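Descriptive analysis of the structure
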Amino acid sequence: MTRIEARFAKLKAEGRKAFVTFVMAGDPDAETCEAILAGLPAAGVDVIELGMPFTDPMADGPAIQLAGQRALAGGQTMERTLGMVRKFREGDTETPIVLMGYYNPIYSRGVDSFLREAVEAGVDGLIVVDLPPEEDDELCLPAQAAGINFIRLATPTTDDKRLPKVLSNTSGFVYYVSITGITGSASANAEMVGPEVGRIKAGTELPVCVGFGIKTAEAAREIAGVADGAVVGSAIVDRIGKGESPEAVLGFVKELAAGTHS
């Protein structure tokens, strides 16, 4: 059982929903990012998504695009991102970490090398938004053979014909994108999301977490009411981009966690 699977099993046994957060590795600088990363579990985060900065983040809105640019300008590399995971693991061996981003940085490093280093660092899952199921041999299957969950995105445009293909070889949890568009561009609507989550759950036993467009504790609470968890990224990254201190950012995260867990 992976850390992700163990965490969702524990949450289910406790009757709680998962709170998942996204932060960009190296944003706005390594020291600040590491401080925020280290404080996320105590703030109530159940699963951490750590962004791999990339120059062409096509699924992301302005907040996360700018976060990636800040990180890259500060010298963030894949080596440093994996190093952040290693450092985090020195103080936390239980909270799952999912690397999220695009295939190019992984491909450039070499899949075998990347997976070997990711396992050694303590990575638990991958979300690679530009690798469709038709390319599972590229990374999905090798990752799962290495013990890393490969988490797939389902969207409002994933119809009943496409959904089984999306769910095939997916593990850990399913990430449902609540809106049609880029991150941070609209607000999630629980009334619209609920039936879609039910449709996905009819085809899989995996937990379904919902992200994109969750900006407040109340919105997190509403989404958690119709899904197995809520994912918040842009709202947190936006505060980091505005220069808020790690303590202030973590205070906001704690509010979101309280909303999700309620």
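Our subject is the structure that appears above.
As a starting point, this report considers the structure included with it. For every chain, the first residue of its written sequence is number 1, and the numbers climb from 1 along that sequence. Residue-level local features of this predicted model are given only where pLDDT is at least 70; pairs of side-chain atoms are given and counted only at 80 or more, and the full residue set underlies all totals for whole chains, interfaces and linings. The side-chain figures draw on all heavy atoms in the structure; neither hydrogens nor water molecules are used.

Things to note about the packing of aromatic side chains
- The aromatic pairing rule takes the rings of Phe, Tyr and Trp, using the six-membered ring of Trp, and pairs them if the centres are within 6.5 Å, calling planes under 30 degrees apart stacked, those over 60 edge-to-face and the rest tilted. Within the structure shown, the criterion is met by four aromatic pairs.
- Judged by centre distance (5.5 Å) and plane angle (45 degrees), the rings of Phe8 and Phe173 are tilted. With Phe8 in helix 1 (residues 3-14) and Phe173 in the loop between helix 8 (163-167) and strand 7 (174-177), this residue pair connects regions lying 165 residues apart in the sequence. Here the two residues Phe8 and Phe173 agree in accessibility, since each one is buried.
- Each ring, one from Tyr103 and one from Tyr107, has its centre 5.8 Å from the other, and the planes form 55 degrees; the classification is tilted. Of this pair, Tyr103 and Tyr107 both sit in helix 5 (residues 103-109), four residues apart, which is roughly one turn of the helix.
- By relative accessible area, which is 11% here, Tyr103 ends up buried.
- A ring has a charge above it when a Lys NZ or an Arg CZ is no more than 6 Å from the ring centre and no more than 35 degrees off the ring normal. The side chain of Arg239 reaches across the aromatic face of Phe252, ending 3.7 Å from its centre. The helix count covers DSSP runs of H or I at least four residues long, the strand count covers runs of E at least two residues long, and both are numbered beginning at the N terminus. The buried label goes to any residue with under 20% of its type's maximum accessible area, the exposed label to any with over 50%, and the partly exposed label to all in between, with areas taken from a 1.4 Å probe on protein chains only.

With respect to the nonpolar core
- We call a set of buried Ala, Val, Leu, Ile, Met, Phe, Trp, Tyr and Cys residues a nonpolar core when their side-chain atoms join them within 4.5 Å. Residues Leu40, Leu99, Ile106, Phe114, Leu126, Leu139 and Ile236 are the most contacted members of the largest nonpolar core, which totals 65 residues.
- It is helix 12 (residues 246-261) that provides the largest number of residues to this core, a total of six residues.
- Throughout, a residue-residue contact means that at least one pair of heavy atoms, one from each residue, lies within 4.5 Å. Once residues within four sequence positions are removed from consideration, Leu40 is found in contact with Thr21, Val23, Val45, Ile48, Leu250 and Val253.
- Ranked by size, the runner-up nonpolar core spans 23 residues in total, among them Phe22, Ile64, Ala71 and Val177.

Structural notes on helix 11 (residues 234-241)
- Those residues of helix 11 not exposed but buried are Ser234, Ala235, Ile236, Val237 and Ile240.
- Tucked into the core, helix 11 has its buried residues touching strand 1 (18-24), helix 2 (30-39), helix 3 (62-73), strand 9 (229-232) and helix 12.
- At the exit of helix 11 stands Gly243, carrying a positive phi of roughly 90 degrees.

Side note on the packing of helix 4 (residues 78-91) against helix 6 (residues 111-121)
- Orientation is described by axes fitted as lines to C-alpha atoms, over the contacting stretch for helices, and by angles from 0 to 180 degrees between their N-to-C directions. Where helix 4 meets helix 6, the axes come as close as 8 Å, and the angle between the chain directions of the two elements is 25 degrees. Between helix 4 and helix 6, the angle falls in the class roughly parallel. Packed against helix 4, whose contacting residues are Met78, Leu82, Val85, Arg86 and Arg89, the element helix 6 presents Phe114, Glu117, Ala118, Glu120 and Ala121 at the interface.
- Any residue outside Ala, Val, Leu, Ile, Met, Phe, Trp, Tyr, Cys, Pro, Asp, Glu, Lys and Arg is labelled polar, Gly included; the first ten of those are nonpolar and the last four are charged. Along the lines of polarity and charge, the residues of the contact of helix 4 with helix 6 split into six nonpolar, no polar and four charged. Reported orientations rely on four angle classes, namely roughly parallel under 35 degrees, roughly antiparallel over 145, roughly perpendicular from 65 to 115, and oblique for the rest.

With respect to the pairing of strand 3 (residues 97-101)
- Within strand 3, five of the five residues are buried, leaving the element largely enclosed by the surrounding structure.
- Across the two faces of strand 3 the burial is the same, with Ile97, Leu99 and Gly101 and Val98 and Met100 all buried.
- Strand pairing is defined by DSSP finding a minimum of two bridges between the two strands. Note that strand 2 (residues 47-51) and strand 3 share four bridges and pair parallel. Paired with Glu49 across the bridge in strand 3 is Val98.
- By the bridge criterion, four bridges tie strand 3 to strand 4 (residues 125-128) in an arrangement that is parallel. Each residue of the ladder has a partner; that of Met100, found in strand 4, is Ile127.

Considerations on the side chain of Thr260
- Tracing the backbone through its elements, the reader meets Thr260 in helix 12.
- Accessibility expressed as a relative area gives 2% for Thr260, which makes it buried.
- Excluding residues within four positions of it along the chain, Thr260 makes contact with Lys17, Ala18, Phe19, Ala220, Arg221, Ala224 and Ala230.

What to know about the environment of Ala35
- With respect to the helices, strands and loops of the structure, Ala35 is situated in helix 2.
- Along the sequence, Ala35 and Ala73 sit 38 residues apart, while their C-alpha atoms lie 19 Å from each other.
- With sequence-adjacent residues up to four places away left out, Ala35 is seen in contact with Pro246 and Leu250.

Digging into helix 6
- Every buried residue belonging to helix 6 is among Val111, Phe114, Leu115, Ala118 and Ala121, and all of these are buried. In an axial view of helix 6, the angular spread of the buried residues amounts to 130 degrees, which keeps them on one side of the axis. Every exposed residue of helix 6 that faces more than 90 degrees away from the buried side is listed here: Asp112, Arg116 and Glu120.
- Against helix 4, strand 3, helix 5, strand 4 and helix 7 (140-145) lie the buried residues of helix 6.
- Gly122 lies just past helix 6 and shows a positive phi near 110 degrees. To obtain the arc, one takes the directions from the helix axis to the C-beta atoms.

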